[in-house]
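Here is what each chain is made of, one letter per residue.
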Amino acid sequence: MIHSAVVPVAGYGTRLLPATKSQPKEMLPVARKPVVQYVVEELVSNGVEQILFITGRSKTSIENHFDDDPELFRTLTETDKQDLLKELDFEALKANFFYTRQRQQKGLGDAILCAENFAGEKPFVVALGDSIIGLNARSRSLSRMAEVFEDRRASCVIAVEEVPPGETSHYGIVQPADGGDGVFRVINLVEKPSPKEAPSNLAIAGRYVFSPVIFDMIRRVKPDHRGEIQLTNAIQFLCEEGRRVVAVKLPRDEKRYDIGNFPSYFESFVEFALADPVYGPEFRRVLERLLGRAAATS
Ligand code: G1P
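Residues numbered from 1 in each chain as written. Predicted model: local features only at pLDDT ≥ 70, side-chain atom pairs only at ≥ 80, totals over all residues. Heavy atoms only, no water.

### A word on the overall build of the protein
Helix and strand counts for the protein come out as 11 helices and 13 strands. A globule of 298 residues ought to have a C-alpha radius of gyration of about 19 Å, and the protein, at 20 Å, matches this closely. Overall, the C-alpha framework of the protein stretches about 60 × 50 × 35 Å when taken along its three principal axes. Long-range contacts, defined as pairs at least 24 residues apart, comprise 76% of the intrachain contacts of the protein with a sequence gap of at least 6. For the protein, the exposed surface amounts to about 15,500 Å²; the carbon and sulfur share of it is 50%. Distance between charge centroids for the protein: 3 Å, based on 38 positive and 42 negative side chains. (Helix = DSSP H or I, 4+ residues; strand = E, 2+ residues; numbered from the N terminus. Rg over C-alpha atoms; globule rule 2.2 N^0.38 Å. Contact = heavy atoms within 4.5 Å. Areas by Shrake-Rupley, 256 points an atom, 1.4 Å probe, with all protein chains shown as cover. Lys, Arg positive; Asp, Glu negative; His and termini not counted. Charge placed at Lys NZ, Arg CZ, Asp CG, Glu CD.)

Written out as structure tokens, the structure reads:
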């Protein structure tokens, strides 16, 4: 079991403007909850107890979300709104929250480097704050990745998923040592390759387990053409050193919901809203009516 996790949330979220002009993309709602609440619930249900957010300017609402709000609590209690009070149960999640700022936007690798003191000598999880794994974040993949990390004495375990070959330029892509099914060793990685340069269609899916040796590798990475230190390049150095980098393919029922761009944000919202136990059935009827109307007029 791994007890510490790092959640980078410092990015500007430019692909989601204007929605993200003054609020973090990690606070956008997917059905009833903000994205980052699903991420934290997934971490806690997989045994994580310490969570460090790597934040930036205009990200304070994330801190507020995980803090108690005595005034709201009092108002809801005084007006006997028990059902709404229940919605704040997540405030009692058994996790300690820590926050530090990445002072300049120098890429994901640089953000993770801010966690060096927090991680100390122990392995840790990295969970990207704009990705939900599995419907309602009921994923066991992180526990599985932690087991693989120990069993294989790996330096890094990465969650991967298949993407359409034409979309490799949006992701870090891994090169498997063999077939690339289930759990497999990775021999190389490329950040956002064109479909022609991509070594496979297996994309890094926003969850990692690292040994602290990753920090030395990050320090070796040179900034790319945008001045960013890529985490993928640091993992590539692990491969070059002959250290074990292992990928775990996400199971079919634990796909990744990417809240980093509008098409996939819309899709995630609709899928989660349809699965809502209270509002889902009515929403389905509304959607069917809207689609029926659209089909009739086209
Ligand atoms: C980051 C990583 C990339 C990974 C992706 C998953 O890219 O650099 O390797 O595949 O997250 O969401 P970003 O989306 O921050 O550009």
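### Thoughts on helix α1 (residues 35-45)
Burial analysis of α1 places 10 of its 11 residues in the buried class, which makes it a mostly covered element. Listed in full, the buried residues belonging to α1 are V35, V36, Q37, Y38, V39, V40, E41, E42, L43 and V44. In the segment just after α1, G47 is the residue with positive phi, at about 95°. (Buried < 20%, exposed > 50% of the residue type's maximum accessible area, 1.4 Å probe, protein only.)

### Some details on the packing of helix α10 (residues 262-274) against helix α11 (residues 280-297)
At their nearest, the axes of α10 and α11 sit 7 Å apart, and the two run at 125° to each other. Relative to α11, the element α10 lies oblique. The segment α10 lies against α11, with V270, A273 and L274 engaging G280, F283, R284 and L287. Of the residues that constitute the contact of α10 with α11, the class distribution is five nonpolar, one polar and one charged. (Axes fitted to C-alpha atoms, helices over the stretch in contact; angles between N-to-C directions. Parallel < 35°, antiparallel > 145°, perpendicular 65-115°, else oblique. Nonpolar A, V, L, I, M, F, W, Y, C, P; charged D, E, K, R; others polar.)

### Some points on the pairing of strand β12 (residues 245-249)
Across the five residues that make up β12, a large majority, five, are buried. Side chains V245, A247 and K249 project from β12 onto one buried face, and the interleaved V246 and V248 project onto a second face that is buried too. The pairing of strand β8 (residues 156-162) with β12 spans five bridges and is classified as parallel. In the sheet register, V157 faces β12, and the bridge partner there is V246. Pairing of strand β10 (residues 183-191) with β12, which is carried by three bridges, proceeds in the antiparallel orientation. Across the sheet, R185 pairs through a bridge with V246, a residue of β12. (Pairing = 2+ DSSP bridges.)

### Describing the nonpolar core
In summary, soluble globular proteins display a tendency toward joint burial of nonpolar side chains. One finds F124, I158, V174, Y208, F210, I214 and I235 to be the most contacted residues of the largest nonpolar core, which totals 35 residues. Counting residues per element, this core draws most heavily on helix α9 (residues 231-240), at five residues. When residues no more than four places from it in sequence are discounted, the contact partners of F124 are I2, S4, V6, I112, A119, Y208, V209, F210, S211, P212, I214 and F215. In this structure, V9, L43, A95 and M145 belong to the second largest nonpolar core, which totals 32 residues. (Core = buried A, V, L, I, M, F, W, Y, C linked by side-chain atoms within 4.5 Å.)

### Examining the layout of surface pockets
Over the atoms, a rolled probe matching the size of one water molecule traces out where space is still vacant. By volume, the second largest pocket amounts to about 670 Å³. Elements supplying a minimum of two residues to the lining of the second largest pocket: β3 (33-34), α1 and α2 (60-65). If you tally residues by element for the lining of the second largest pocket, the top one is α1, at five residues. (1 Å grid on protein atoms, 1.4 Å probe; cavity = no way out; pocket = protein on both sides within 12 Å on 5 of 7 lines; lining within 4 Å. Points joined across faces, edges and corners; volume = space filled by probe spheres on them.)

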